[in-house]
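# Structural overview
Single-letter residue listing:
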Amino acid sequence: MLHDRDIAQLLARLCPMHLAVDEQGQVMHIGPTLAKLLPDKRKDDACLFDLIEVRRPSGVCNMKALLARQRQKLSLRLRGHGGHAFKGVFVAVPGQGGILDLSFGIAIMDGVRDFELSASDFAVTDLAIEMLYLIEAKSAAMEVSRKLNQRLQGAKIAAEEQAFTDTLTGLKNRRAVDHVLPRLIDRGEAVTLMQVDLDYFKAVNDTYGHPAGDHVLQNVARVLVQETRQGDCVARVGGDEFVIILVGEVDEAAVAHIAERLIKRIEAPIRWRGDTCEISASIGIATNAFGSGDTGETLWARADTALYAAKNGGRGRFRMA
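An account of the accompanying structure is given in this report.

Definitions and cut-offs
All chains use their own residue numbering, which begins from 1 and follows the written sequence. Per-residue local features of the predicted model are confined to residues with pLDDT of at least 70, and side-chain atom pairs are confined, for both listing and counting, to 80 or more; whole-chain, interface and lining totals are unaffected and use all residues. To get the side-chain values, all heavy atoms of the structure are used, and hydrogens and water are removed first. Runs of H or I in DSSP of at least four residues are treated as helices and runs of E of at least two as strands, each being numbered from the N terminus. Burial classes follow relative accessibility: with a 1.4 Å probe on protein chains only, a residue under 20% of its type's maximum area counts as buried, one over 50% as exposed, and anything between as partly exposed. Contacts are residue-level and defined by heavy atoms, with any inter-residue pair within 4.5 Å sufficient. Exposure was quantified through the Shrake-Rupley algorithm and a 1.4 Å probe, taking into account, for residues, occlusion by the shown protein chains and nothing else. In this analysis, strands are considered paired if DSSP registers two or more bridges between them. Only C-alpha atoms enter the line fits that serve as axes; for helices the fit covers just the stretch in contact. Angles between N-to-C directions range over 0 to 180 degrees. A 3.5 Å cut-off defines polar contacts: any pair of N or O atoms within that distance qualifies, except that in protein one atom must be a possible hydrogen donor and the other a possible acceptor, and neighbouring residues in sequence count only when both atoms are side-chain atoms. Relative orientations are named as follows: roughly parallel for angles under 35 degrees, roughly antiparallel for angles over 145 degrees, roughly perpendicular for angles from 65 to 115 degrees, and oblique for any other angle. For this scheme, ten residues count as nonpolar: Ala, Val, Leu, Ile, Met, Phe, Trp, Tyr, Cys and Pro. Four count as charged, namely Asp, Glu, Lys and Arg, and the remainder, Gly too, count as polar. It is the rotation of the near helix from the far one that decides the hand of a crossing: anticlockwise by less than a right angle makes it left-handed, clockwise makes it right-handed. Two rings from Phe, Tyr or Trp (for Trp, the six-membered ring) form a pair when their centres sit within 6.5 Å of each other. Planes less than 30 degrees apart are called stacked, planes more than 60 degrees apart edge-to-face, and all others tilted. Lysine NZ or arginine CZ positioned within 6 Å of the ring centre and within 35 degrees of the ring normal marks a charge as sitting over the ring.

## Overview of the overall build of the protein
Of regular secondary structure, the protein possesses eleven helices and 13 strands. When the 321 residues of the protein are sorted by exposure, 40% land in the buried category. Taking as baseline every contact in the protein between residues at least 6 positions apart, the subset at least 24 positions apart corresponds to 55%. Accessible surface, the protein as shown: approximately 18,500 Å² in total, 53% of it carbon and sulfur.

## Side note on the sheet that holds strand 5 (residues 85–93)
The six strands lie next to each other as 2-1-6-5-4-3, forming an open sheet whose pairing is antiparallel. Only two strands of the sheet have a single neighbouring strand rather than two, namely strand 2 (27–30) and strand 3 (52–56). For this sheet, the mean angle separating the axes of adjacent strands, direction not counted, is 35°. For strand 4 (residues 74–78) and strand 5, the ladder comprises four bridges, and the chain directions are antiparallel. Within strand 5, the position partnered with Arg-77 by the bridge is Ala-85.

## Brief notes about the side chain of Thr-169
Inspection of the secondary structure assignment puts Thr-169 in the loop between helix 6 (128–163) and helix 7 (174–186). On the accessibility criterion, Thr-169 (16% relative accessible area) is buried. Within the local environment of Thr-169, its side chain forms a polar contact with the side chain of Asp-166, the two groups lying 2.6 Å apart. Separated by 3.2 Å, the side chain of Thr-169 and the backbone nitrogen of Leu-171 make a polar contact. For Thr-169, the contacting residues outside a window of four places in its chain are Leu-217, Ala-221 and Arg-236.

## Considering the packing of helix 7 against helix 11 (residues 296–312)
Two elements in contact, helix 7 and helix 11, have axes separated by 9 Å at closest approach and are oriented at 115°. Taken as axis vectors, helix 7 and helix 11 run roughly perpendicular relative to one another. Facing helix 7, whose interface residues are Arg-174, Val-177, Leu-181 and Ile-185, helix 11 presents Gly-296, Leu-299 and Trp-300. In terms of residue class, the contact of helix 7 with helix 11 is built from five nonpolar, one polar and one charged.

## A word on the sheet that holds strand 12 (residues 280–287)
Sheet strands line up and pair through hydrogen bonds in the backbone, either parallel or antiparallel. The mixed open sheet is built from five strands, whose spatial order is 8-9-7-12-13. Two strands lie at the open edges of the sheet, namely strand 8 (233–236) and strand 13 (318–320), each paired on one side alone. Strand after strand, the sheet turns through a mean of 15° between neighbouring axes, direction not considered. Bridging between strand 7 (residues 191–199) and strand 12 involves eight bridges; their strand directions are antiparallel. Bridge assignment links Thr-192 to a residue of strand 12, and that residue is Thr-287.

## A short note on the packing of helix 9 (residues 210–226) against helix 10 (residues 252–266)
Helix-helix packing: each pair is described by the crossing angle between the helix axes and the interaxial distance. Running from amino to carboxyl end, helix 9 crosses helix 10 at an angle of 150°, the nearest separation of the two axes being 10 Å. Comparing the axis directions of helix 9 and helix 10 gives the class roughly antiparallel. As helix 9 packs across helix 10, the resulting crossing turns out to be right-handed. On helix 10, the residues that touch Val-220, Val-223, Leu-224 and Gln-226 of helix 9 are Leu-262, Arg-265 and Ile-266. Partitioned by chemical class, the residues of the contact of helix 9 with helix 10 number five nonpolar, one polar and one charged.

## Considerations on the packing of aromatic side chains
The full count for this structure, using the stated rule, is one aromatic pair. Summarising the aromatic geometry, the rings of Phe-86 and Phe-104 are spaced 5.1 Å apart at their centres and angled 40° between planes, so their arrangement reads as tilted. You can see Phe-86 sitting in strand 5 and its partner Phe-104 sitting in the loop between strand 6 (97–103) and helix 5 (108–115), a full 18 residues away along the chain. Phe-104 carries the same exposure label as Phe-86, and that label is buried. Over the aromatic face of Trp-300 sits the side chain of Arg-174, whose NZ or CZ is 4.0 Å from the ring centroid.

## Observations concerning the pairing of strand 9 (residues 241–247)
Summarising burial for strand 9: five of the seven residues are buried, a large majority. Pairing analysis gives four bridges linking strand 8 to strand 9, with the strands arranged antiparallel. Within strand 9, the position partnered with Cys-233 by the bridge is Ile-245. Connecting strand 8 to the next strand, strand 9, in antiparallel fashion are four residues.

Functional significance is not addressed by these values, which are geometric in nature.
Listed below in structure tokens is the structure:
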């Protein structure tokens, strides 16, 4: 025959979050895990309803109502721990009161964290800890996956940026222009395409060598960026050929002013190891006026024709298509 002490030990082992009460609702003993949650209320003469509040079903505030709801799922909270919800079930023991067994339900992760519980605080057969291990393993795997995806996305962006960048000047390249220009036109944007071709650049390479030529190209790139807006596209599309895409409505006078300023700055002497490099620039300009029906290819062809006209006109000048 099991004595009260034996029963209490069995309950502590099998139901570590239980409350045993007599028929009047006086607490007879408290499970060890539940005792950790209520360290200031471990009193043999405490009343069950001084320790708990049944929230659902409503109206369960005495032993008579609790007995009427025995074996039903209860939603409750511990007084003094209003932020934590628990699930429970009450089983009556005829002539002796009954046992109320509690669990954290789906809030077990919060309970383990907030009350610093471990595997020893749960019944050996309770799958809660195994579930926590699975959740933690899944969270760790998802975090690793998230970081890997971030690195892959970063690598993809870097690769795309590199594919669209001229390594010498840091400007966009021809591939970038072929990507950007038709999309701007298809989107209905007003676009002005400026083809910039350097004059006398071959003489710099022939006289001072390719390092001097690279220095000149980098200097021209800085000028083009400084003389355009942040939203415009500046690209190097060939050896000494550059393209500027002005995005948005720009009137003819403003475009002419930009071209004149670019030519003036590019013609400024460029120092190289004690020598002076002098070049100029010819510019061909085309705008996809409203209703022109231009595509990227036709706009480029029109700018190219204007560039040849500038070259044939004596260089160091611009022409509009």
